[in-house]
Amino acid sequence: MGERQSDGGLSGRGSRHALLDADVEALIVASLIRDGVDAEAEQRAVTAFRAARDAGALRTRTRRRDDWRARERRHLGRSLKTTLSVLLASLTLGGVAVAAIGAAGSPEEGTNNAPERKSAPSSAPRDPSEQPSRDGHSPTPGTGPSPDRPSPAQDTEAHCRAYDQVGRRGKAMEATSWQRLVAAAGGERYVTAYCAEQLDEPERGSGGSGNGGSAKGDGTPAARSGTGNASDNGSDKGSNSGSDKSRSESKRSQPNGRHQ
Amino acid sequence: MGQGTEPRRGQAYDGELGAAVARAQQGDEAAFAVAYRFVQPGLLGYLRGLVGDDAEDVASDAWLEIARDLGRFRGDGAGFRGWTATIARHRALDHLRRQRVRPRSSALEQDVLDLPGPQSTHDQALEAISTEHALELVRGLPRDQAEAVLLRVVVGLDGPAAARVLGKRPGAVRTAAYRGLKRLAGQLGAESVTDEAPRTLGEST
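Note on numbering: residues in each chain are counted from 1, in written sequence order. Each chain gets a letter, beginning with A, and each ligand a number, beginning with 1, in the order they are written. The predicted origin of the model limits local features to residues at a pLDDT of at least 70 and limits the giving and counting of side-chain atom pairs to 80 or more, whereas totals for whole chains, interfaces and linings rest on all residues.

## Considering the overall build of chain A
Move 1: Labels follow the DSSP assignment, with helices taken as runs of H or I lasting at least four residues and strands as runs of E lasting at least two, numbered in each case from the N terminus. What chain A contains, in helices and strands, is 11 helices and zero strands.
Move 2: Counted from the first residue to the last, chain A has its helices and strands arranged as α-α-α-α-α-α-α-α-α-α-α.
Move 3: Looking at chain A as a whole, 25% of its 260 residues are labelled buried.
Move 4: Each residue is represented by a C-beta atom placed from its backbone, and any two residues with such atoms within 7 Å are regarded as in contact. Within chain A, contacts between residues at least 6 apart in sequence are counted, and of these 53% link residues at least 24 apart. Three classes are used. A residue is buried when 20 or more other C-beta atoms lie within 10 Å of its own, exposed when 12 or fewer do, and partly exposed in between, with C-beta atoms placed from the backbone.

Below you can see the structure in the form of structure tokens.
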């Protein structure tokens, strides 16, 4: 082949065994395309065009297969739009999922502290300061206990219930709650009596059998409750001061309690 | 050098074609004739590769449809070539389907070979290969390869447009065109060597 290339002159240029694509293409074009058109065929086409135009065919609707405008750009635009909407949808679904988790978690906690918690909006943990304005009746925080927030007495009650349930098995209660309860009772020794009194008060109508059982576990229910009852003034004072403290503390400790 | 003659059919005058189509869509009869003259050679070449000697008839059918639906078309010159190629292809496939029902005469193969010769030759190296034989080789390709080659080379469509005409993915059409060209190159190259070797050697001595 090398010889032929050097010897063959004009005809030897390029590889004969595997023609270049350009050569093949040129050959195909040469064999299939004839320049110039058949005038008769052209006239037939123009006649058909005239007939269609006069019949109003030029105002027909464009079908999808008739639209050959820059396709890549339209496709890109559509895919960009699709991508954005998918992204938005996933964000929305993710937000719903997070909100659902928050909503599922809050009632469990609400039963411990106060039944009113159940009605708290799921977004409450994010911004507690927003709560008072949500109920509409108490626009300024601090003017009174809002329905969303348990009163200090209920807080103490809840701590007492927790103490009843877990207190005998060690100091399993949260340290802050325990300290607060001790402070409210006026000393660690009086916690049982204080709690018996606290729990007895709201459930007086319903018999309070659960309180009796819980008090029995301590061994000396009568003596403690007796002292608690005897010093009514002292315990009231203690509960007041304790509730003041617990009110201020509960605000601070609320986020901690949520995460438990 | 060989690629300088007719690189990609059609693409050079797409601007003029687009303008003519736009005017024709406004009802300009002469503009429609201009568009016809731009498009018809490539379209007819494509149809020759598909249906051989019946290409003229199929092209006439296609142009009736093109004239009727021109108002629906949206796009530029390149888009118009793709759109018309799609219409022509549908007409050609209808034609082939009818032929399959009623088998064509065996004389057709000879008719194809008797087509008039090319208007020009571009390279001394390719002169000896008869263009009729090249057409025969193109038609001997698998249909997908032949169509991909014809749409790319003869009609002058780009990859995505050819893929849209064929209703396939651009990658599949690119592969088919590549294989078809390689196959043709191998066949044409082998034959040109076999045919011309003695003459070339004779000339050189």
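## With respect to the overall build of chain B
Move 1: Secondary structure summary: chain B contains 11 helices and zero strands in total.
Move 2: Element order for chain B, N to C, with α for helix and β for strand: α-α-α-α-α-α-α-α-α-α-α.
Move 3: Counting across all 205 residues of chain B, residues that qualify as buried make up 46%.
Move 4: In chain B, once contacts between residues fewer than 6 apart in sequence are set aside, the share between residues at least 24 apart is 69%.

## Overview of the environment of Phe 32 of chain B
Move 1: As for its placement among the helices and strands, Phe 32 of chain B is situated in helix H3 (residues 29-51).
Move 2: Separated by 10 residues in sequence, Phe 32 of chain B and Ala 22 of chain B have C-alpha atoms that sit 9.1 Å apart.
Move 3: Setting aside residues no more than four positions away along its own chain, Phe 32 of chain B makes contact with Val 46 and Phe 49 of chain A together with Ala 24 of chain B.

## A look at the packing of helix H2 (residues 21-32) of chain A against helix H9 (residues 143-155) of chain B
Move 1: Note on geometry: axes are lines fitted to C-alpha atoms, helical ones only across the stretch in contact, with angles between N-to-C directions running from 0 to 180 degrees. The interhelical angle for the contact between H2 of chain A and H9 of chain B, taken along N-to-C directions, is 80 degrees, at an axis separation of 9 Å. If you check the angle between H2 of chain A and H9 of chain B, you find them roughly perpendicular. Along its contact with H2 of chain A, which presents Glu 25, Ile 28, Val 29 and Leu 32 of chain A, the element H9 of chain B presents Val 149, Val 153 and Val 154 of chain B.
Move 2: Here the contact of H2 of chain A with H9 of chain B is built from residues that sort into six nonpolar, no polar and one charged. An angle below 35 degrees is read as roughly parallel, one above 145 as roughly antiparallel, one from 65 to 115 as roughly perpendicular, and any other as oblique. Three residue categories are used. Nonpolar comprises Ala, Val, Leu, Ile, Met, Phe, Trp, Tyr, Cys and Pro, charged comprises Asp, Glu, Lys and Arg, and polar comprises the others, including Gly.

## Some words on the packing of H9 of chain B against helix H10 (residues 159-166) of chain B
The packing of two helices is summarised by the inter-axis angle and the distance between the axes.
Residues and elements named next belong to chain B.
Move 1: It is at 10 Å that the axes of H9 and H10 come closest, and there the two elements cross at 135 degrees. For the element pair H9 / H10, the angle class is oblique. In this structure, H9 crosses over H10, and the sense of that crossing is right-handed. In this structure, H9 uses Glu 147, Ala 148, Leu 151 and Arg 152 to contact H10, whose residues at the interface are Ala 162, Val 165 and Leu 166.
Move 2: When grouped by side-chain class, the residues that make up the contact of H9 with H10 number five nonpolar, no polar and two charged. Left-handed describes a crossing whose near helix is turned anticlockwise from the far helix through less than a right angle; right-handed describes the clockwise counterpart.

## Let's talk about the confidence of the model for chain B
Residues and elements named next belong to chain B.
Move 1: Counting all residues, the mean pLDDT for chain B is 80, and 73% of those residues have values of 70 or more.
Move 2: Confidence drops under pLDDT 50 across residues 105-125; counting only partners more than four residues distant or on other chains, this segment forms 33 contacts.
Move 3: Each residue carries a pLDDT score, the predictor's confidence in it, ranging from 0 to 100. Here residues 196-205 scores under 50 on pLDDT; set against residues more than four positions off or in separate chains, the count is seven contacts.
Move 4: The complex model carries a pTM of 0.51, and its ipTM stands at 0.76.

## Details of H10 of chain B
Move 1: In terms of burial, H10 of chain B is a largely internal element, six of the eight residues being buried.
Move 2: Looking one or two places after H10 of chain B, you find Gly 167 of chain B, whose phi comes out positive at around 70 degrees.

## Some points on the nonpolar core
Soluble globular proteins tend to pack their nonpolar side chains together in the buried interior.
Move 1: In this description, a nonpolar core means buried residues of the types Ala, Val, Leu, Ile, Met, Phe, Trp, Tyr and Cys, linked to one another by C-beta atoms lying within 7 Å. Core analysis: the largest hydrophobic core is formed by 71 residues, its most contacted members being Ile 28 of chain A together with Ala 35, Tyr 46, Leu 47, Ala 88 and Val 149 of chain B.
Move 2: Looking at which element gives the most residues to this core, the answer is H3 of chain B, with 11 residues.
Move 3: If sequence neighbours within four positions are ignored, Tyr 46 of chain B has contacts with Ala 85, Ala 88, Leu 150, Leu 151, Val 154 and Val 155 of chain B.
Move 4: Leu 181, Tyr 190, Ala 193 and Cys 195 of chain A belong to the second largest nonpolar core, which has 12 residues in total.

## A look at the environment of Arg 174 of chain B
Move 1: Its location among the elements puts Arg 174 of chain B in helix H11 (residues 170-204).
Move 2: The sequence separation of Arg 174 of chain B and Val 149 of chain B amounts to 25 residues, and the corresponding C-alpha distance is 9.0 Å.

## Details of helix H4 (residues 55-69) of chain B
Move 1: Residue count minus one, scaled by 1.5 Å, sets the expected span of a helix. Between its first and last C-alpha, H4 of chain B extends 21 Å over 15 residues, near the 21 Å set by a 1.5 Å rise per residue.
Move 2: Along H4 of chain B, the residues classified as buried are Ala 55, Val 58, Ala 59, Ala 62, Trp 63, Ile 66 and Ala 67 of chain B.

## Digging into the confidence of the model for chain A
Residues and elements named next belong to chain A.
Move 1: When pLDDT is averaged across chain A, the result is 63; 44% of the residues are at 70 or more.
Move 2: Considering each helix and strand of chain A separately, the mean pLDDT is smallest for helix H1 (residues 2-8), with a value of 38, and largest for helix H3 (residues 39-54), with 93.
Move 3: The model gives residues 114-125 a pLDDT under 50, and that stretch makes 22 contacts with residues more than four places away or in other chains.
Move 4: Scored below 50 in pLDDT, residues 205-260 shows 58 contacts in the model against residues more than four places distant or in partner chains.

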